[in-house]
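So the chains spell out like this:
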Amino acid sequence: MKELILVTSPPACGKTFISKQLAKNLKHVVYLDKDTLIVLSKQIFVVANQEYNRSSDFFEENIRDYEYYAIVDLALEALDYNDIALINAPFTREIRDRQYIHDLKARLAEKGAVLKVIWVETDPEVCHQRMIERNSDRDTWKLEHWDEYIAGVNFEIPEVINEDNDGTLMIFKNSSQDEFNESMKRITKELLGE
């Protein structure tokens, strides 16, 4: 059975490191990172003569959703040629939207594929520290307005995913090295069907 795996969480929870390690552990997988599209998004800010701010109304209205459309379309196309497509992206709204999940599962079913969502659960203070350490320009506004930013971030497990109780949702605990090690072992085994 083909699979689309979404590794999701708020920013700086460890999605990229986890996603890359999972992709190495699995077989016949295409790894896709939504951040790869940022180079195109930055150019949209330039052409529109807008300040580069991925938390701005301009980003929300003109860029955000299109990044998701593009990365999901790439993943669905990849499933025509390989067994697993793994997307590393927050999907913060999409994974709480029943209709979005229903529609995505239907698109996958047409390809004989299923959806797996790995929610990376990380303490917000750990995320704050990781964001400081990674020192990325995509986090500048978030770090300068931390209290405002974090107030709008939902760290709760997205229950919508598991309403059918079909094993779609897996929780990857990642606030410490021990949690990471245990979760990587457990989820890799589950994805490999061991």
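These lines cover the structure that appears in this document, whether it is placed above or below. All of these numbers come straight from a predicted model, not from anything done at the bench.

### Some thoughts on the sheet that holds strand 4 (residues 113–121)
What the five strands build is an open sheet, ordered 2-3-1-4-5; its pairing is parallel. On the outer flanks of this sheet lie strand 2 (29–33) and strand 5 (169–173), each paired with one strand and no other. Along the sheet, successive strands turn relative to each other by an average axial angle of 20°, direction set aside. Bridge count for strand 1 (residues 2–8) against strand 3 (residues 84–88) is five bridges, and the pairing is parallel. Of the residues in strand 3, the one forming a bridge with I5 is L86. Strands strand 1 and strand 4 of the sheet are contacted by helix 5 (residues 98–110), whose axis makes an angle of about 135° with strand 4.

### A word on the environment of Y52
Assignment of secondary structure puts Y52 in the loop between helix 2 (38–47) and helix 3 (57–62). Among the residues examined, Y52 registers a relative accessible area of 24% and is labelled partly exposed. Non-local contacts of Y52, meaning those with residues more than four positions away in its chain, are made with I38, K42, F45, D137 and R138.

### Section: the pairing of strand 4
Along strand 4, seven of the nine residues are buried, which leaves the element largely enclosed by surrounding structure. Note: strand 4 against strand 5, five bridges, orientation parallel. Residue pairing for strand 5: E121 is matched across the bridge by K173.

Scoring rules and cut-offs
- Residues numbered from 1 in each chain as written.
- Predicted model: local features only at pLDDT ≥ 70, side-chain atom pairs only at ≥ 80, totals over all residues.
- Heavy atoms only, no water.
- Pairing = 2+ DSSP bridges.
- Helix = DSSP H or I, 4+ residues; strand = E, 2+ residues; numbered from the N terminus.
- Axes fitted to C-alpha atoms, helices over the stretch in contact; angles between N-to-C directions.
- Contact = heavy atoms within 4.5 Å.
- Buried < 20%, exposed > 50% of the residue type's maximum accessible area, 1.4 Å probe, protein only.

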